[in-house]
Amino acid sequence: MSVKRSVSVLGATGSVGTSTLDLIERAPDDYRVVALTAHRDVAGLADAARRLGAEVAVIGEPGLYAALRDALEGSGIEAAAGGDAIVEAAARPADWTMAAIVGCAGLPPVMAALERGGTVALANKEALVSAGALMIAAVERNGATLLPVDSEHNAIFQCLDRTDLSRVRRIVLTASGGPFRTWSPEQMRGVTPAEAVKHPNWSMGAKISVDSATMMNKGLELIEAHHLFPVGPERLDILVHPQSVIHSMVDYVDGSTLAQLGSPDMRVPIAHALAWPRRMETPCRPLDLAAIGTLTFEAPDPARFPALALARAALAAGGARPAVLNAANERAVAAFLERRAGFLDIAAIVDQALCAYDPPAPASLDDVFAIDAEARAYADRALETVIA
Ligand code: NAD
Ligand code: MG
């Protein structure tokens, strides 16, 4: 009889979180759930915790403690609330932790999971963008394992020969181009939140869907790739591939290119990280290339997607620039979703925050949070000028 692996899911009610739970539920003999966390969705969290028999469920919003406790009554599942309780849940021993909280808010629990030397499946790219050097140092210090879940990075992980990166000519991240790939700037000016979150290929949370529409998502992914696979920025490329079948590629010096392909379903990379180093069966549709027929490719357009150049510059400069980029972007995307900023204002706000605020590189997590807070304040001021 095989021993069940213990797993925790941070951000269990989101798009990646529910896909993760879907896979875990299909293999009840293989996994045992320790902790599930969510921000505000008490009903979704309590339901998932009951279905999966979690040890503990944690809601981020402290005021929702009583509601969660009541929803779990009689289940024997421990209830907790607040940011510190999420960090404590992430620090509980578990063989495998899914980091699927959105935004820099997910950084403290990811660090807690890394500090105990566990295996962390990382979807939460904003944490790595803001604090990449500190996170990678924590991985090395604690003998932790970081498995990329973002589909591009998971693809690269599967194709990359990590024993000799000098033989890698370049890593190519593919991008769908988002819903506005062919739109003119005039058309993009009037984009609504509903249009921006409707991704052509992937079903995802609101924030990453907007990032895909501005292509800031691909910019964040360049920075993410740089930390996960230590090659210089000059060896990281972006290729627009609207069908989202090839999830990324690695070119080697001998002229070989290795690619990972699959249906655009996040359960494919999540399953890879969950079963790693083995493989598990999933209900995902096998790729039918004869039915798809044609795969197309094009270069990204930096003029219509200025977020790409902002992210490239932040990556090249390093230090605190990626943290400022990420924080300002989180703020600008939230303002857009609340209809307080236009679609094209998002990159303009990030640009203004980067121009106005250039702090030294963070040396600690506290530094990252201070930079994050300050960059948000700069983004708020930029928001006032763009909408004025
Ligand atoms: P989502 O909005 O659907 O879910 C986010 C989850 O995080 C929810 O469970 C929510 O309760 C929790 N959360 C949000 N704010 C929180 C806070 N302040 N404190 C604690 N918990 C909080 O997002 P998603 O689409 O699942 O994305 C999650 C992460 O995975 C993001 O970083 C995203 O960039 C990355 N990612 C997502 C996809 C995808 O297909 N959805 C693909 C690649 C990478
Ligand atoms: Mg991705």
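Looking up the protein chain in an unreviewed UniProt entry gives the name 1-deoxy-D-xylulose 5-phosphate reductoisomerase, with the organism given as Sphingomonas quercus. We quote the UniProt Pathway (unreviewed entry) comment for the protein chain here in full: "Isoprenoid biosynthesis; isopentenyl diphosphate biosynthesis via DXP pathway; isopentenyl diphosphate from 1-deoxy-D-xylulose 5-phosphate: step 1/6." The Catalytic activity (unreviewed entry) field of the UniProt record for the protein chain holds the comment "2-C-methyl-D-erythritol 4-phosphate + NADP(+) = 1-deoxy-D-xylulose 5-phosphate + NADPH + H(+)".

## Some details on the site of ligand 1
Neighbouring residues of ligand 1: 27 residues in total, closest G11, G14, H39, M204 and G205. Of all the secondary structure elements, the ones that give two or more residues to the shell around ligand 1 are α1 (15–25), α6 (125–142) and α10 (206–214). For the shell around ligand 1, the element with the highest residue contribution is α1, accounting for 3 residues. For the shell around ligand 1, the residue count by class is 13 nonpolar, 9 polar and 5 charged. Counting residues domain by domain, the shell around ligand 1 receives three or more from each of domain 1 (5–149) and domain 2 (153–265 + 286–387).

## Remarks on the domain arrangement of the protein chain
In many analyses, interface size is given as the accessible surface area lost on bringing the parts together. When cut into domains, the protein chain gives domain 1 (5–149) and domain 2 (153–265 + 286–387). Across the contact, 18 residues belong to domain 1 and 22 residues belong to domain 2. Looking at the side of domain 1 that touches domain 2, the elements with two or more residues in it are α5 (107–115) and α6. Of the residues contributing to the side of domain 1 that touches domain 2, the split by class is 11 nonpolar, 5 polar and 2 charged.

About the thresholds
- Residues numbered from 1 in each chain as written.
- Chains lettered and ligands numbered in written order.
- Predicted model: local features only at pLDDT ≥ 70, side-chain atom pairs only at ≥ 80, totals over all residues.
- UniProt positions renumbered as here; feature names shortened; annotations may be inferred.
- Near = placed C-beta within 6 Å.
- Helix = DSSP H or I, 4+ residues; strand = E, 2+ residues; numbered from the N terminus.
- Nonpolar A, V, L, I, M, F, W, Y, C, P; charged D, E, K, R; others polar.
- Domains from an automatic or database assignment.
- Contact = placed C-beta atoms within 7 Å.

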